[in-house]
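# Structural description and commentary
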Amino acid sequence: MSLRLFNTLTKTKDEFAPLDPANVRMYVCGPTVYDFAHIGNARPVIVFDVLFRLLRHVYGAGHVTYVRNITDVDDKINARAAERGISIRELTEETARIYEEDVAGLGNLPPSVAPRATEHIPQMLRIIDRLVDAGHAYAADGHVLFDVSSKADYGKLSRRSLDEMIAGSRVEVAPYKKNPMDFVLWKPSEDALPGWDSPWGRGRPGWHIECSAMAGEYLGECFDIHGGGIDLQFPHHENEIAQSEGANHGHPLAKVWMHNGFLQVEGEKMSKSLGNFYTIRDLLADWPGEVLRFNMLRTHYRQPIDFTLAGLRESWKTLERWYEVTEPLADSSPDGEFFAALRDDLNTPAAIASLHQADEMALAGGLGFLGFSNVQLKIAAKTQVDTVAIAAAIEARMAAKATKNFAESDRIRDELLAKGVVLKDGPQGTTWELKK
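The sections below set out a description of the structure shown in this document. (Residues numbered from 1 in each chain as written. Predicted model: local features only at pLDDT ≥ 70, side-chain atom pairs only at ≥ 80, totals over all residues. Heavy atoms only, no water.)

On to the sheet that holds strand S5 (residues 137-140), then. With antiparallel pairing, the 4 strands of this open sheet are ordered in space as S5-S6-S7-S8. Looking along the sheet, the strands with just one partner apiece sit at the ends: S5 and strand S8 (203-205). Strand after strand, the sheet turns through a mean of 20° between neighbouring axes, direction not considered. (Pairing = 2+ DSSP bridges. Helix = DSSP H or I, 4+ residues; strand = E, 2+ residues; numbered from the N terminus. Axes fitted to C-alpha atoms, helices over the stretch in contact; angles between N-to-C directions.)

In structure tokens form, the structure reads like this:
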């Protein structure tokens, strides 16, 4: 059963051949836990969850290892904890818990392993030590930096020359750097910040070294697939490649590099200043998780996606229509157009299109395979109320509250109540139920 995947490193779509079919290994960069995850963060989780399911289908559930890390040491975490007046540990534990709840609410399977950076400092220090010994890294002013000039093919993932990378990125200017593009592997920590003892003094790791260490710990020196958003291609994944190959005698970190495309909201870059910034938690308060998931999968993972409320309403209507005729099953449908599409570089739009023509059994199996259940939508459909209109009203109320138009917010609430719909505001957002 062939599977073809697009490799960002080679820019080609090739037949996938795992290093060990008895243990297919995949690593996907997870969250930095300083704030609620936004809808853009949801895209790679959903995309690589479908790939995880497909790999399990092809090679067997017991023969796939999926690692998705949690970054719990980072300067953004330090700043946010100080801003909120809580401990760093309190912030990271709270945010990680919320993240795990949110991505589960989107219908994702848990990864095989979810390592935390702070639990893998010794592994990071070993890699840094090997890089220094190999002449790929140097200590300077309490820091240890990777010397990009020591790696002749640095930039091969993003296919940029060193000059292009310098011109196109925000480079931290520091007098202790040999080259502006040299990146931090280890940096000093003041007493008030997280820190660990090292040969270079008390300090904490740079971001890039964390993923190399955690991936290597659970998947080995070289593994099959490394995934993440296209925004991570440079510098994060480029730097992962450089440091991992530098520490492991040039051996590749991963055979296949996969990246999902950017996400916009209503045609614009998502931004708090534009008022189009949505967290997963915000959206789950108003929309079933499977609607959000289905809306994502209607676009091929490598293409940019325009996340719109109109698209959500259309996704909801499609799922409700399907759920009226079938019950999703635990087992997937037999091989046919559905799986042929998925095996062609995870072509979920084509797979979904095949379900429109599928018989009830295939439709049910396909939906179940993609991670959809019928429970929430089936119940909503049986209420014989316009669930899409309710979601739109809740959305309008949320917008009114955001602009402190409380009169309008109350009007929408009262109008829904008059129709028998009771809104419940809670720490996790707004939910609704029919008046008893």
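There is more to say, and it comes next.
Attention shifts here to the packing of aromatic side chains. Counted according to the given criterion, the structure contains 10 aromatic pairs. Taking the centre distance of 6.3 Å and the plane angle of 80° together, the rings of Phe16 and Tyr59 count as edge-to-face. You can see Phe16 sitting in the loop between strand S2 (12-15) and strand S3 (24-28) and its partner Tyr59 sitting in helix H1 (residues 39-59), a full 43 residues away along the chain. Classification of Phe16 as buried rests on a relative accessible area of 7%. Given a relative accessible area of 18%, Tyr59 falls into the buried group. (Phe/Tyr/Trp six-rings, centres within 6.5 Å; stacked < 30°, edge-to-face > 60°. Buried < 20%, exposed > 50% of the residue type's maximum accessible area, 1.4 Å probe, protein only.)

Time to look at the packing of helix H6 (residues 207-219) against helix H7 (residues 233-247). Packing of H6 against H7 brings their axes to within 9 Å, and their N-to-C directions diverge by 60°. As far as their axial angle goes, H7 and H6 are oblique. Read as a crossing pair, H6 and H7 show a hand that is right-handed. Facing H6, whose interface residues are Trp207, His208, Ile209, Cys211 and Ser212, H7 presents Pro235, His236, Asn239, Glu240, Gln243 and Ser244. (Parallel < 35°, antiparallel > 145°, perpendicular 65-115°, else oblique. Left-handed = near helix turned anticlockwise from the far one by under 90°. Contact = heavy atoms within 4.5 Å.)

Attention shifts here to unusual backbone geometry. At the junction of Phe234 and Pro235, the peptide bond is cis and its omega measures out at 10° in the coordinates. Positionally, Pro235 belongs in helix H7.

With that settled, consider the environment of His120. You can see His120 is positioned in the loop between helix H3 (88-105) and helix H4 (121-133). The class for His120 is buried, based on a relative accessible area of 3%. The spacing of His120 and Met214 is 94 residues in sequence and 6.8 Å in space, taken between C-alpha atoms. In contact with His120, not counting residues within four places along its chain, are Pro115, Ala213, Met214, Glu217 and Tyr218. A polar contact is formed between the side chain of His120 and the backbone oxygen of Arg116, at a distance of 2.7 Å. (Polar contact = N/O pair within 3.5 Å; in protein donor to acceptor, adjacent residues only side chain to side chain.)

Function-wise, these values are silent; they only describe arrangement.
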